[in-house]
Protein chains: 2
Amino acid sequence: MNAVLHNIRIVLVNTTHPGNIGAAARAMKNMGLRDLVVVAPHDFPSREASDRAAGARDLLATVRVVDTFEEAIAGCGLVIGSSARQRRIPWPLLDARRCCQQACAEARQHRVALVFGREDRGLTNEELARCHLHVNIPADEAYSSLNLGMAVQVIAYELRMAALDGTLPDDAMADWDKPAADAATLERLFEHFEETLVDLGFLPANAPKQMMTRLRRLVLRARPDEVEVNILRGILRSAQVAAGTRKLGQENT
Amino acid sequence: MNAVLHNIRIVLVNTTHPGNIGAAARAMKNMGLRDLVVVAPHDFPSREASDRAAGARDLLATVRVVDTFEEAIAGCGLVIGSSARQRRIPWPLLDARRCCQQACAEARQHRVALVFGREDRGLTNEELARCHLHVNIPADEAYSSLNLGMAVQVIAYELRMAALDGTLPDDAMADWDKPAADAATLERLFEHFEETLVDLGFLPANAPKQMMTRLRRLVLRARPDEVEVNILRGILRSAQVAAGTRKLGQENT
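Residues numbered from 1 in each chain as written. Chains lettered and ligands numbered in written order. Predicted model: local features only at pLDDT ≥ 70, side-chain atom pairs only at ≥ 80, totals over all residues. Heavy atoms only, no water.

1. Focus on the relation of the copies chain B and chain A
Right, on to step 1. With an RMSD of 0.1 Å, the fit of chain B onto chain A corresponds to turning through 180° and sliding 0.0 Å along the axis. With respect to symmetry, the two chain copies, as superposed, fit the operation of a two-fold axis.
Right, on to step 2. A shared interface surface links the copies, since 100% of the contact residues of chain B are contact residues in chain A too. (Least-squares fit on C-alpha atoms with pLDDT ≥ 70 in both. Contact = heavy atoms within 4.5 Å.)

2. Some thoughts on the interface of chain B and chain A
Right, on to step 1. Facing the 50 residues of chain B at the interface are 50 residues of chain A.
Right, on to step 2. Taken together, both faces of the contact between chain B and chain A bury some 4100 Å²; the carbon and sulfur share is 56%.
Right, on to step 3. It is B:Tyr143, B:Met150 and B:Tyr157 that lose the most area in chain B upon contact with chain A, and together they represent 17% of the buried surface on that side.
Right, on to step 4. Here chain B and chain A share four salt bridges between them.
Right, on to step 5. A:Arg98 serves as the salt-bridge partner of B:Asp170, at 2.6 Å between the closest nitrogen and oxygen. (Buried area = accessible area lost by both parts, 1.4 Å probe. Salt bridge = Lys/Arg side-chain N within 4 Å of Asp/Glu carboxyl O.)

3. Describing the environment of B:Asn147
Right, on to step 1. Mapped onto the elements, B:Asn147 comes out in the loop between β7 (133-136) and α8 (148-164).
Right, on to step 2. Remark: the alpha-carbon pair of B:Asn147 and B:Pro208, spanning 61 residues in sequence, is separated by 61 Å.
Right, on to step 3. In this structure, B:Asn147 is in contact with A:Arg26, A:Asn30 and B:Asn20, ignoring residues within four places of it in sequence.
Right, on to step 4. Of note is the side chain of B:Asn147, whose polar atom sits 2.8 Å from the backbone nitrogen of B:Gly149. (Helix = DSSP H or I, 4+ residues; strand = E, 2+ residues; numbered from the N terminus. Polar contact = N/O pair within 3.5 Å; in protein donor to acceptor, adjacent residues only side chain to side chain.)

4. Here's the deal with the side chain of B:Ser46
Residue and element names in this part refer to chain B.
Right, on to step 1. Residue position: Ser46 is located in the loop between β2 (35-39) and α3 (47-53).
Right, on to step 2. On the accessibility criterion, Ser46 (14% relative accessible area) is buried.
Right, on to step 3. Of the polar contacts made by the side chain of Ser46, one reaches the backbone nitrogen of Glu48; its length is 3.0 Å. (Buried < 20%, exposed > 50% of the residue type's maximum accessible area, 1.4 Å probe, protein only.)

5. So, the packing of helix α9 (residues 183-199) of chain B against helix α11 (residues 226-243) of chain B
Residues and elements named next belong to chain B.
Right, on to step 1. As a packed pair, α9 and α11 sit with axes 10 Å apart at the nearest point and diverge in direction by 20°. Classified by the interaxial angle, the pair formed by α9 and α11 is roughly parallel. As for the relative orientation of α9 and α11, their crossing is left-handed in sense. Between α9 and α11, the residues in contact are Thr185, Leu186, Arg188, Leu189, His192, Phe193, Glu195, Thr196 and Asp199 and Val229, Leu232, Arg233, Leu236, Arg237, Ala239, Gln240 and Ala243, respectively.
Right, on to step 2. Partitioning the contact of α9 with α11 into residue classes produces eight nonpolar, four polar and five charged. (Axes fitted to C-alpha atoms, helices over the stretch in contact; angles between N-to-C directions. Parallel < 35°, antiparallel > 145°, perpendicular 65-115°, else oblique. Left-handed = near helix turned anticlockwise from the far one by under 90°. Nonpolar A, V, L, I, M, F, W, Y, C, P; charged D, E, K, R; others polar.)

6. Considerations on the pairing of strand β6 (residues 111-116) of chain B
Residue and element names in this part refer to chain B.
Right, on to step 1. Counting buried residues along β6, five of its six residues qualify, which places the element largely inside the surrounding structure.
Right, on to step 2. Relative to β6, strand β1 (residues 8-13) runs parallel, the two sharing five bridges. Residue pairing across strands places Val11 opposite Val115, the latter belonging to β6.
Right, on to step 3. With five bridges connecting them, strand β4 (residues 76-82) and β6 associate as parallel partners. Counted as the bridge partner of Ile80 is Leu114 from β6. (Pairing = 2+ DSSP bridges.)

7. Looking at the domain arrangement of chain A
Right, on to step 1. Here the domain parsing of chain A yields domain 1 (2-164) and domain 2 (183-243).
Right, on to step 2. For domain 1 of chain A and domain 2 of chain A, the distance between their C-alpha centroids amounts to 57 Å. (Domains from an automatic or database assignment.)

Quick look at the structure:
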């Protein structure tokens, strides 16, 4: 994954606020990118850039400063320009997710540049006409202008997600530390639960099943692990002791 | 889509730097979110928050400031806490994309809170234990600490993408202004192309087909529209006039 991300260059053109260069460097390092080129920045290097870079000052120290757009994209087989809106002459345009998927796919073969324009007016039409592809972050039309550092963060994040390519777990309990309780263990829990509720006088011995069905549904939805089942059964035993239907230390049948 | 996003609350707990509150407000408005609650911020309202909010000062003016975590999540049917790392006791945990898909799905039914902790140490274990679910932005292990505003931006972006749910075009040329050239139009272009290359002496009349195959492949890959084909044929006509094989103004056969 890192080899792919290291083959992707972020280019910032004519950045006005040095803080945005620092923020971009941090966003890039957070996401595993490292090739940052700035074209004719207004104020760089700068203290503000270092402050905003935080733990990415090492990346900031390796930034290449060049004079022209052409130098910045030299050697790149795919050049993608960020574009806030559709131009008069339409250009191939993808949203950030699809664009970053394509960028990662191509970065296995050649260097890819993602180019960001000025804070106030983005890339010029001439610069956009030097790009193979334009990328758009689908923002709300009511206020679609993202801060430059934020735009780099979203793209860097999508590049990393594309490089991770489905390797993240789907399941919220994927990294659980204990094995899930199996069916027989859960059945013993439910029997013990019902017995205890009768012992406590909470359920009559000839209770309708609806209460236990609701409790089953709740417990099954939580997907308890073995340790959690043991905790619940310990609580049930304590309740039985309190109810006088079980002696302290008496094992389950 | 907006109704779903308006049912999702962003909560910032004990924020130290007011600029991050402003940055979060801007990120939210960019992505169509509007419910921002801050718990006991160190310095808010503040000039710095307003500056960073930029065009989202209206959202900033509606921020609710509360004293406790409980007030902030009041009325929410799903509470999600951002967590940089796995805790000693594992908790249901999803990456930003899957988590935001679940948040949007549930926001059709009830209010959802996404809670972000302090700049330096996130949410406490006690706060995380009040959440149904934890969310993690899969950053590079070498430097996984995102700026707070950036983390809100990534989550807000993923919430919007989940709310857009596949409505964005897959095709880079989806919003093209001219119809694609059809097969017969392209065949006439290739015939004209070959004829012109012979007229120019670039190809011998009995040329091998390989050159035309390469030109076909190039043109077909570009998926030209009707206007582009007309431009190319106009250029070919000009070349034929220059070569003396066509009179100025002579129509195609």
